[in-house]
Amino acid sequence: MNSREEYSHGWTSVLSFGVGSMIPREVIQIAEDIKNMRIRGAGKIARAAVKTLRITVQKSKAKSVQELLEELRNTARIVINTRPTAVSLPNGIRYVSKRVHEELGRNPTVEELKETVKKAVKEFIVNSQRALVRIGEIGAKRIRKGDVILTHCNSAAAISVILTAAHQNKDITVFATETRPRFQGHITCKILRNAGIDVTLIIDSAIRLYMNRINTVIVGADAISSNGALVNKIGTSTIALVAREARTLFFVAAETYKFSPETMIGELIEIEERDIEEVIDREELEKIGNPRVLNPAFDITPPQYIDLIITEKGIIPPQAAFTILQEEFGWLASRKEQLF
Ligand code: RUB
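Predicted, not measured: the structure shown is a model, and the values here were computed from it.

(A) Representation of the nonpolar core in the model. Counting residues in each nonpolar core, the largest one holds 38 residues, and the members touching the most others are Leu 53, Val 96, Val 117 and Phe 340. Contributing elements (two or more residues each) for this core: helix H2 (25-35), helix H3 (42-59), helix H4 (65-80), helix H5 (88-104) and helix H6 (110-140). Examining the composition of this core, we find that nine residues originate from one element, H3, more than from any other. Leu 230, Val 242, Ile 324 and Phe 329 belong to the second-largest nonpolar core, a separate cluster that totals 31 residues.

Written out as structure tokens, the structure is:
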């Protein structure tokens, strides 16, 4: 079963069991926006996901703690199923769920539990925004004056490093890949050009031709596994290979909530397969004899091609991913998780 089927399955079953009426319309709208990529990028997805929990408690008419937990569980289930690869999404939900479980030990009232949720949501959002700033400050130290940087897709964390370095007058130049099929590279160009940075847009397949001019590649992360492998926008692993061959540095900018705790206990990260119409429309497909079309949204870069990972807690080699995971999510490895 692919992610799309799982998603629509989860969605209809929630509705058909009559739970749909308990899901606020705004939550369903945010879930749709994440799925359709009107909200995209792992960090933004996580912040939008935790906001749905706040909306749920704000709209809730639950008369008991159990009822409120059921509503939170339904929201979490819908939101988590929107995009399967970005671990920031379940990790954001986990952040709130963990605080709810701690509060449950104190036998809270419905109102107290609602406050716990609102406080945890706010904390997650503030922390994730601070993490972006810190990643920029830390990462910019590794950018030298006059560096030529290549970035792929559109990552707020990678852009934070680039913008911070630019504000420090490091006189940097950026190459941005188009990032087919959704052209997130255009968003990157717009942000960097608005900041007055010298940017060149290139097609994805031109990376090898230009790699010798590049000093440093900086990309974001949708997920990092316990062995330090990076899951990011399709094409990232090819860029890493080409960078290695050209002896160009390859940096990943990632908040610690992009590390995947499931991978500590042997789970694999699911690679999202998106609608083939993002690649080619049905009419054109017909004209070329209806070949099978694949549209994976992400790929996997092995740790040996990554020079370092810039997190808000500092710079780490990919081999230290397990340590980060133990610090951040060690509590998860020892018990079966229940979200709310
Ligand atoms: C976005 C993407 C980004 C990461 C990190 O993919 O691959 O590199 O999500 O982004 P999509 P950020 O466009 O399919 O969501 O640093 O902003 O969290």
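On we go from here.
(B) Molecular detail of the sheet that holds strand S6 (residues 230-233). Ordered by their spatial adjacency, three strands build an open sheet running S5-S6-S8, and the pairing between neighbours is antiparallel. What marks the edges here is a single partner per strand, and that holds for strand S5 (223-224) and strand S8 (298-301). With two bridges connecting them, S5 and S6 associate as antiparallel partners. The residue bridging Ile 224 from the neighbouring strand is Leu 230, located in S6. Packed on one face of the sheet, helix H10 (residues 236-245) meets S6 and S8 and runs near 35 degrees to S8.

(C) Summary view of the sheet that holds strand S2 (residues 173-177). Strands sit in the order S3-S2-S1-S4-S7-S9-S10 across an open sheet of seven strands; the sheet is mixed. Each edge of the sheet is formed by a strand with only one pairing partner; in this case those strands are strand S3 (198-202) and strand S10 (314-316). Put simply, the sheet's adjacent strands are angled 25 degrees from each other on average, direction ignored. Sheet analysis places S2 next to S3, joined by five bridges and oriented parallel. Bridge pairing in S3 links Phe 175 to Thr 200. Each of strand S1 (148-151), S2 and S3 is contacted by helix H8 (residues 184-194), which is oriented at about 165 degrees to S3, the strand it contacts most. Most of the contacts of H10 go to strand S7 (residues 249-253), to which it runs at about 145 degrees, and overall it touches S1, S2, strand S4 (216-219) and S7.

(D) Fine view of the pattern of salt bridges. Here the structure, examined in full by the defined rule, presents 23 salt bridges. Here Glu 111 makes a salt bridge to Lys 114, at a shortest N to O gap of 3.7 Å. Of the two residues, Glu 111 and Lys 114 are both situated in helix H6; the distance of three residues between them amounts to about one turn of the helix. In this structure, the salt-bridge partner of Glu 245 is Arg 208, at a minimum N-O distance of 2.5 Å. Of this pair, Glu 245 sits in helix H10 while Arg 208 is found in helix H9 (residues 207-210), placing the two residues 37 residues apart along the sequence. According to the relative accessible area criterion, Glu 245 is partly exposed, its value standing at 48%.

(E) Highlighting unusual backbone geometry. Looking along the chain, the bond that leaves Arg 180 and enters Pro 181 is cis, with omega of 5 degrees. As for its placement among the helices and strands, Pro 181 is situated in the loop between S2 and H8. Of note, Asp 171 is a non-glycine position whose phi angle comes to about 55 degrees, a positive value. With respect to the helices and strands, Asp 171 occurs in the loop between helix H7 (156-167) and S2.

(F) Up close: the site of the ligand. In the vicinity of the ligand lie 18 residues, with Arg 40, Gln 184, Asp 222, Asn 232 and Lys 233 positioned nearest. With respect to the ligand, the backbone of Ala 157 contributes an N or O atom lying 3.1 Å from an oxygen atom. Contact between the ligand and Gln 184: an oxygen atom at 2.7 Å from a side-chain N or O atom of the residue. In the complex, the protein chains occlude 98% of the 460 Å² of accessible area that the ligand would expose alone. For the shell around the ligand, the elements supplying multiple residues, two or more each, are H3, H7 and S6.

(G) How the structure looks around the side chain of Thr 52. Along the polypeptide, Thr 52 turns up in helix H3. Once residues within four sequence positions are removed from consideration, Thr 52 is found in contact with Val 27, Ile 30, Thr 75 and Val 79.

(H) Inspection of the side chain of Thr 263 at higher detail. Structurally, the position occupied by Thr 263 is in the loop between S7 and helix H11 (282-287). For Thr 263, the side chain forms a polar contact with the main-chain nitrogen of Ser 226, separated by 2.9 Å. A distance of 2.6 Å separates the side chain of Thr 263 from the backbone oxygen of Ser 260, its partner in a polar contact. Aside from chain neighbours lying at most four places away, what touches Thr 263 is Ser 225, Ser 226, Ile 269 and Leu 325.

(I) Structural view of the pairing of S2. For S2, a buried count of five out of five residues is recorded, marking the element as mostly surrounded by other parts of the structure. Following the backbone out of S1, through H7 and into the adjacent parallel S2, one traces a crossover that is right-handed. The parallel pair S2 and S3, bridged by H8, forms a crossover whose chirality is right-handed.

(J) Highlighting H8. Those residues of H8 that fall on the buried side of the exposure criterion are Gln 184, Gly 185, Thr 188, Cys 189 and Leu 192. Projected onto a plane normal to the axis of H8, the buried residues spread over an arc of 150 degrees and lie on a single side. Among the exposed residues of H8, those pointing more than 90 degrees away from its buried face are Lys 190 and Asn 194. Buried residues along H8 sit against S1, H7, S2, S3 and S6. Downstream of H8 by one or two residues, Gly 196 has phi in the positive range, about 80 degrees.

Cut-offs used in this document
- Residues numbered from 1 in each chain as written.
- Predicted model: local features only at pLDDT ≥ 70, side-chain atom pairs only at ≥ 80, totals over all residues.
- Heavy atoms only, no water.
- Core = buried A, V, L, I, M, F, W, Y, C linked by side-chain atoms within 4.5 Å.
- Buried < 20%, exposed > 50% of the residue type's maximum accessible area, 1.4 Å probe, protein only.
- Helix = DSSP H or I, 4+ residues; strand = E, 2+ residues; numbered from the N terminus.
- Pairing = 2+ DSSP bridges.
- Contact = heavy atoms within 4.5 Å.
- Axes fitted to C-alpha atoms, helices over the stretch in contact; angles between N-to-C directions.
- Salt bridge = Lys/Arg side-chain N within 4 Å of Asp/Glu carboxyl O.
- Near = heavy atom within 4 Å.
- Polar contact = N/O pair within 3.5 Å; in protein donor to acceptor, adjacent residues only side chain to side chain.
- Areas by Shrake-Rupley, 256 points an atom, 1.4 Å probe, with all protein chains shown as cover.
- Right-handed = clockwise from strand over helix to strand, strands pointing away.
- Arc of directions from axis to C-beta.

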